[in-house]
Amino acid sequence: MSAEDPTLTTDGSKTLGSKKLGVVATGVIGGGWAVRALSRGWDVVAWDPAPDAEAKLRDYIERAWPSVVELGLFEGADPSRVTFVDTPQEVAEAADWIQTSAPENEAIKIDLLTKVAAAAPQETVIASSSSGLLPSRLQADLRFPERFVIGHPFNPVYLLPLVEIVPGELTSIETVDRARAHYDDLVMHPLVVRKEIEGYISDRLQEALWREILHMVNEGVATTEELDDAIAYGPGLRWAGMGTNLTFHLAGGQGGMRHMLAQFGPALKLPWTKLEAPELTDTLIDDMATGCEAQADGRSIDELERLRDDYVIAVMKALEPIGLGAGEIQARREARIASAS
Ligand SMILES: NC(=O)c1ccc[n+]([C@@H]2O[C@H](COP(=O)([O-])OP(=O)(O)OC[C@H]3O[C@@H](n4cnc5c(N)ncnc54)[C@H](O)[C@@H]3O)[C@@H](O)[C@H]2O)c1
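Residues numbered from 1 in each chain as written. Predicted model: local features only at pLDDT ≥ 70, side-chain atom pairs only at ≥ 80, totals over all residues. Heavy atoms only, no water.

## A word on the environment of leucine 112
Inclusion rule: To qualify as a helix, a DSSP run of H or I must reach at least 4 residues; to qualify as a strand, a run of E must reach at least 2; elements of each kind are numbered from the N terminus. Buried, partly exposed and exposed residues are distinguished by accessible area as a fraction of the type maximum, computed with a 1.4 Å probe on protein chains only: under 20%, between the cut-offs, and over 50%, respectively. What makes two residues a contact is simply this: any of their non-hydrogen atoms within 4.5 Å.
By secondary structure assignment, the location of leucine 112 is in helix α4 (residues 106-119). Under the relative-accessibility criterion, leucine 112 is labelled buried at 10%. Residues leucine 112 and isoleucine 322, 210 residues apart in the sequence, show an inter-C-alpha distance of 43 Å. Those residues in contact with leucine 112 that sit more than four places away from it in its chain are Val24, Trp47, Pro88 and Ala102.

Spelled out as structure tokens, the structure:
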């Protein structure tokens, strides 16, 4: 097992050397972790209970590989550096870092984490990709719970740099530091969530928007396509570089955020937004699904994924010379690849 120096963090050039990433459960997110690690020049050891999981993972890696080639590969990057094993315990024994991505169900996750923690050496960090479960509940009965942490990524994991690090009550400071260094080494943007809350930070924001979408479709206010246009042609372009707060600071003119709050404060008190999701009736589910299928316009999920990857890469590269958001991460990736070669 390679040694890891937790003191190494973001510096624009240093990296931590080669590692073996343990990927437990290889669905959409586990597969994404595998591709990110392989493109970083690491090995991957993986397990998933589905009978056709290995073939699916290899297919996933093949489909995603052109995207990471476009972003830039590290020395040693090789899509075939994957070993698929028969049990989660074998992953736990072989890996330098374990990233678990089982279905979002507390009982399933605890059962799996218990097996992994029983087999993993004490110094191996065990991370969960959960989108919103409380880490304190997941880690409570694990062996060496102090080395457990949430590392919540965003799909596609091999492109999007954000990862939320959420420590539980028993997670050690050392584990949080190691998580920062680990995800930084994977050329990500680690965001430590200070306070353990369900849904963490980013999904709370995304879900707030999604709930309003469901209400507006339910009430016949707009179609799924119109609601997507309402983001893609406007706020979405601003969000990629500046997020909501800095964007609104500018929308307030010279008065900045103070003026924005004075101007729109009264409207914020009006019940424009509903907070609670509407009932997911069959009609609403149909309206959402058929709306998205119409937007897909005959294109398969594979084709749409390719399109999504292409524009995400284009946005990251466009932001690079401006040094904003994900552009700064892309610059870091290129600097590290150059300094290593
Ligand atoms: N899809 C997303 O956009 C997204 C984003 C961030 C985080 N997550 C989180 O990542 C995790 C995985 O989500 P996903 O989208 O990859 O789901 P998925 O359905 O694509 O993959 C889940 C995988 O888990 C395997 N599995 C099923 N039962 C299992 C068990 N008992 N033990 C171990 N593995 C089992 C399945 O075979 C499958 O390969 C969830 O916690 C989810 O909340 C998802």
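## Describing the domain arrangement of the chain
Stated formally: Domain segmentation is taken from an automatic or database assignment of domains. As used here, buried area is the combined drop in accessible area, with a 1.4 Å probe, of two parts when they are placed together.
Each assigned domain of the chain is listed with its residue range as follows: domain 1 (20-192) and domain 2 (202-340). Summarising the inter-unit geometry, the C-alpha centres of domain 1 and domain 2 are found 26 Å apart. Counting from both sides, the interface comprises 27 residues of domain 1 and, opposite them, 21 residues of domain 2. Overall, the association of domain 1 and domain 2 removes approximately 2,000 Å² of surface from exposure, summing both partners, and the carbon and sulfur fraction of that is 50%. Considering only the side of domain 1, the residues that lose the most area to domain 2 are Glu70, Leu71 and Val187, jointly responsible for 27% of the buried surface there.

## Let's talk about the pairing of strand β2 (residues 43-47)
So the rule is basically this: Whether two strands pair comes down to DSSP finding at least two bridges between them. Crossover handedness is defined here as right-handed if the route from the first strand over the helix to the second strand goes clockwise, with the strands pointing away from the viewer.
For β2, the tally of buried residues reaches four of five residues, placing the bulk of the element in the interior. Where strand β1 (residues 20-24) meets β2, five bridges bridge the pair, whose relative direction is parallel. In the strand pairing of β2, glycine 22 is matched with valine 45. A crossover connection joins β1 to the parallel β2 through helix α1 (residues 28-39); in handedness this β-α-β unit is right-handed. Between the parallel pair β2 and strand β3 (residues 82-84), the chain is carried across by helix α2 (residues 53-71), and the sense of this crossover is right-handed.

## Regarding the packing of α1 against α2
The description of two helices packed together rests on the angle between their axes and the distance between the axes. Put simply, the rule is: The axes used here are C-alpha line fits, helices contributing only the stretch in contact, and every angle between their N-to-C directions lies in the interval 0 to 180 degrees. Any angle between 65 and 115 degrees counts as roughly perpendicular, while under 35 counts as roughly parallel, over 145 as roughly antiparallel, and the rest as oblique. Two helices crossing with the near one rotated counterclockwise from the far one by less than a right angle form a left-handed crossing, whereas a clockwise rotation gives a right-handed crossing. Polar here means any residue other than Ala, Val, Leu, Ile, Met, Phe, Trp, Tyr, Cys and Pro, which are nonpolar, and Asp, Glu, Lys and Arg, which are charged; Gly is therefore polar.
Where α1 meets α2, the axes come as close as 9 Å, and the angle between the chain directions of the two elements is 50°. Between α1 and α2, the angle falls in the class oblique. Seen from above, α1 lies across α2 with right-handed handedness. Along the contact surface, α1 presents Val28, Gly31, Gly32, Ala34, Val35, Leu38 and Ser39, while α2 presents Leu57, Tyr60, Ile61, Ala64, Trp65 and Val68. Split into classes, the residues belonging to the contact of α1 with α2 amount to ten nonpolar, three polar and no charged.

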